[in-house]
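Tertiary structure, described
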Amino acid sequence: MEEAQFMDEAVRLSLQNMQTGEGGPFGAVVVKDGKIISRGNNQVLKTSDPTAHAEMVAIREACKVLGTFQLDGCELYTSCEPCPMCLGAIYWARPTKVYYANTRQDAADIGFDDAFIYQEINTSFEKRQIPMIHLPHTQAIQAFQHWAEKNDKTLY
C-alpha cells in the first residue's frame, strides 16, 4: 500500500464514524512496514471518554499490537490535524511521521475548535480558565526521588 491508500482508510473511518454515531468525523491508522497495524475512530460519544480521539484509539491499539509503549518505525495517518492532546500523545509515542488530511482550521469551521486549548497552553497558570493550583506534597517529591535513584527503571 502507499501513502494515499493509508489516508483513504483514515478518511473512510471518519466517514463511517458519522454513520455509527460513536463520535466526530475523525479516523486514524498506524502503519508499520507498509501494513496497517491499528485503526482508530473517534469514540468520545460511544465511551463517554473525552480522550477517545481517533489518534488516541489508534495509538493505544498499535502499542498493544507491538507490545511496546513507543511506535518506533511507525507512521500515523489521520483524517485531521491532531488536537493538542493527540499531539502530546504522538510525541510520547514517537512515530516516525504523521500525515493528516484536514487542518485544524477545517475542524474549527465545523465546530471542533482547539484554538482555546492552544491559547491556554501559553497562558500562565494563574490566568487559565481552569485554575491550576500547585499543591506541594512531601511524598510526591519522594516518589520522584526514588525514581531518580532507581537502577532498574525503563526510561521513556
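Okay, so let's go over this structure. Note that the structure is predicted; figures quoted are calculated from it, not measured. (Residues numbered from 1 in each chain as written. Predicted model: local features only at pLDDT ≥ 70, side-chain atom pairs only at ≥ 80, totals over all residues. Heavy atoms only, no water.)

Some details on the layout of surface pockets
Inclusion rule: Put simply, the grid is 1 Å and covers the protein atoms alone, a cavity is a trapped set of points that fit a 1.4 Å probe, a pocket is an open set with protein on both sides within 12 Å along at least five of seven lines, and lining residues have an atom within 4 Å of a point. Grid points are joined across faces, edges and corners, and a volume is the space filled by probe spheres set on the points. Numbered from the N terminus, helices here are DSSP runs of H or I no shorter than four residues, and strands are runs of E no shorter than two. Charged means Asp, Glu, Lys or Arg here, nonpolar means Ala, Val, Leu, Ile, Met, Phe, Trp, Tyr, Cys or Pro, and polar covers whatever is left, Gly included.
As a volume, the largest pocket reaches approximately 260 Å³. Lining the largest pocket are 17 residues, and of these F26, N42, H53, C83 and F112 sit closest to its centre. Contributions of two or more residues to the lining of the largest pocket are made by helix 3 (54-66) and helix 5 (104-109). For the lining of the largest pocket, the class distribution of residues is 9 nonpolar, 4 polar and 4 charged. In this structure, the second largest pocket encloses a volume near 160 Å³. Lining the second largest pocket are V11, S14, L15, M18, P25, F26, S79, C80, N102, D106, A107 and I110. Of all the elements in the fold, those that place two or more residues in the lining of the second largest pocket are helix 1 (3-20), strand 3 (74-80) and helix 5. With 4 residues, the single largest contributor to the lining of the second largest pocket is helix 1. For the lining of the second largest pocket, the per-class residue count stands at 8 nonpolar, 3 polar and 1 charged.

Thoughts on the sheet that holds strand 4 (residues 97-102)
Spelled out, the test is: Two strands make a pair as long as DSSP finds a minimum of two bridges between them. Here the axes come from fitting lines to C-alpha atoms, over the contacting stretch only for helices, and the angles between their N-to-C directions go from 0 to 180 degrees.
Taken in spatial order, the 4 strands make up an open sheet running 2-1-3-4, and their pairing is mixed. Here the strands that pair on one side only, and so sit at the sheet edges, are strand 2 (35-41) and strand 4. Taken pair by pair, the neighbouring strands of this sheet meet at an average axis angle of 15 degrees, ignoring direction. When strand 3 meets strand 4, the two strands line up parallel, connected through 5 bridges. Across the sheet, residue E75 finds its bridge partner in strand 4, namely K97.

With respect to helix 3
Formally: A helix's residues, less one, multiplied by 1.5 Å, set its expected span. Categorising residues by exposure relies on relative accessible area from a 1.4 Å probe, with only protein chains included: less than 20% of the type maximum marks a residue as buried, more than 50% marks it as exposed, and the intermediate range marks it as partly exposed. Note on contacts: a residue pair is in contact if any heavy atoms of the two residues lie within 4.5 Å.
The terminal C-alpha atoms of helix 3 lie 18 Å apart, and with 13 residues this matches the ideal 18 Å at 1.5 Å per residue to within 8%. Of the positions making up helix 3, those classed as buried are A54, E55, M56, V57, A58, I59, A62 and C63. Packing partners of the buried residues in helix 3 comprise strand 1 (27-32), strand 2, strand 3 and helix 4 (84-93). Of the residues trailing helix 3, G67 is marked for its positive phi of about 70 degrees.

Things to note about the side chain of E55
To keep things clear, this is the line we draw: Charged-residue counts in this description rest on Lys and Arg as positive and Asp and Glu as negative, His and the chain ends being excluded. Any Lys or Arg side-chain nitrogen located within 4 Å of an Asp or Glu carboxyl oxygen qualifies as a salt bridge. In protein, a polar contact means a hydrogen-donor-capable atom and an acceptor-capable atom, both N or O and within 3.5 Å, with residues adjacent in sequence counting only if both atoms are side-chain atoms; elsewhere, any N or O pair within 3.5 Å suffices.
By secondary structure assignment, the location of E55 is in helix 3. Although buried, E55 forms no salt bridge, and the nearest oppositely charged side chain, R60, lies 10 Å from it. Here the side chain of E55 touches T78 through a polar contact of 2.9 Å, side chain to side chain.

Examining the pattern of salt bridges
Applying the stated criterion to the full structure yields 5 salt bridges. The closest approach of N and O atoms between E9 and R39, which form a salt bridge, is 2.7 Å. Separated by 30 residues along the polypeptide, E9 in helix 1 and R39 in strand 2 bring together distant segments of the chain. By relative accessible area, which is 12% here, E9 ends up buried.

Considering helix 1
Along its 18 residues, helix 1 runs 26 Å from first to last C-alpha, staying within 8% of the 26 Å computed at 1.5 Å per residue. Elements that come into contact with the buried residues of helix 1 comprise strand 1, strand 2, strand 3 and strand 4. The positive-phi residue at the C-terminal boundary of helix 1 is G21, with phi of around 75 degrees.

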